[in-house]
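# Observations on the model geometry
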Amino acid sequence: MMKKHILITGGAGFIGSHVVRLMVNRYPEYEIVNLDLLTYAGNLGNLTDIANAPNYQFVRADIADAVQVNELFDRFAFDGVIHLAAESHVDRSIEDPLSFVRTNVIGTVNLLNACRDQWAGQMEGKRFYHISTDEVYGTLGSEGLFMETTAYDPNSPYSASKASSDHFVRAYGETYGLPHVVTNCSNNYGPQQFPEKLIPLFIHNIKEEKALPVYGDGMYTRDWLYVIDHARAIDKVYHEGLNGETYNIGGFNEWKNIDLIRLLCGIMDEKLGRVTGHSEKLITYVKDRPGHDRRYAIDASKIKSELGWEPSVTFEEGLAETVEWYLENSEWLKNVTSGEYQQYYDQMYGSR
Ligand code: NAD
Ligand code: TYD
């Protein structure tokens, strides 16, 4: 039987690296290609444990460059694409929206074009799986949940670029018959997340006794999911999801930022042997993020009832493991913040 070739984009990033690890370990019969540009957010140090696996290879390329994407598709006959590569941080999108259009919109369309052309006349058994975010739905008031049928209403350049890419994926399904599936997931947390996002940034700052910058009144709500549970959901949807469907993925786990931050301070005080209440003193209210969405919360009942997925880890367990990981991997944190992993890449791969 022919081996299946799967392309995973953004596999050196936070969620992508957990997906690559799961797929490489679980499916020795697949050939898995990880395409990543290795921007500030991509780090091959996330994947040293599987770097030499016989069913895995890494290719450095830019999805926004059609020539590079097409060359890759000429080299490999992919059966499926799991697309995670993106610019992913809201605050950066406010500073530089065009880089989000370039990677998230143009990059996605380049991949769609390559799949459409490579799979022309033989779409059977092929699949383009687009990983998206709940932020495309905009903001909730104090009541209600995002459903798969909720109208798109993005408020940040990041969520607007992700919404646009979701629409392109669906349009390629309608127009060219491209087999596709889309998931929209809530906020992830866990090991190997770049310390610009709330949880790793605050773990880092608490450890270093630096101020904890809380945006606005701190009463913004997010629905947190452990990254490994997201990777499990992605595996499930890739293999069992229905073509043309959207599935919302969430943690059934809403937290107001300030309550989460207090919980984190308490865990850190305990782990670092500090007196209770010590780290809370670092909380500093700062100017709000422009266009800040008040509340995100996912109704994940469809993926639960149709595909049998639900989170396996409680927030208390996941957060404790996450804190533990960052405390045990201070070198990782130092490397990503100093850009040393770029040197690691040069050492490993030369100028390729
Ligand atoms: P991340 O920023 O940690 O990783 C993104 C990866 O994409 C990096 O490895 C980066 O090098 C790579 N990349 C960026 N631009 C590229 C380009 N032009 N060509 C090739 N590779 C490029 O992001 P993440 O948090 O792991 O998110 C992964 C995906 O999941 C994104 O599509 C994001 O929108 C989505 N998502 C994230 C969350 C979350 O909470 N982090 C929640 C829901 C959905
Ligand atoms: P973030 O991790 O950036 O995820 P997103 O904006 O995609 O939800 O932020 C999570 C929440 O924490 C969001 O309401 C913004 C807030 N926040 C702060 O209050 N201070 C910070 O320094 C950061 C990074 C985020």
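Structure: see above.
This write-up is about the structure you can find in this document. (Residues numbered from 1 in each chain as written. Chains lettered and ligands numbered in written order. Predicted model: local features only at pLDDT ≥ 70, side-chain atom pairs only at ≥ 80, totals over all residues. Heavy atoms only, no water.)

## Quick word on the site of ligand 1
Taken together, 29 residues lie around ligand 1, and Ile15, Asp36, Ser88, Tyr158 and Lys162 are the ones closest in. Here Ser88 contributes a side-chain N or O atom positioned 2.7 Å from an oxygen atom of ligand 1. Measuring from an oxygen atom of ligand 1, one finds a backbone N or O atom of Asn188 at 2.9 Å. Protein chains bury 97% of the 840 Å² of accessible surface belonging to ligand 1 in isolation. Mapped by element, the contributors of at least two residues to the shell around ligand 1 are α1 (14-26), β2 (30-36), β5 (127-133), α5 (157-176) and β7 (187-189). With three residues, the top contributor of residues to the shell around ligand 1 is β5. Grouping the constituent residues of the shell around ligand 1 by class yields 15 nonpolar, 11 polar and three charged. (Near = heavy atom within 4 Å. Polar contact = N/O pair within 3.5 Å; in protein donor to acceptor, adjacent residues only side chain to side chain. Areas by Shrake-Rupley, 256 points an atom, 1.4 Å probe, with all protein chains shown as cover. Helix = DSSP H or I, 4+ residues; strand = E, 2+ residues; numbered from the N terminus. Nonpolar A, V, L, I, M, F, W, Y, C, P; charged D, E, K, R; others polar.)

## A look at the sheet that holds β7
Ordered by their spatial adjacency, three strands build an open sheet running β7-β9-β11, and the pairing between neighbours is mixed. Edge positions in the sheet fall to β7 and β11 (254-256), since each of these pairs with one other strand and no more. The average angle at which neighbouring strand axes cross in this sheet is 50°, direction not considered. Taken together, the three bridges between strand β9 (residues 221-226) and β11 define a ladder with antiparallel strand orientation. Within β11, the residue paired with Thr221 across the bridge is Lys256. (Pairing = 2+ DSSP bridges. Axes fitted to C-alpha atoms, helices over the stretch in contact; angles between N-to-C directions.)

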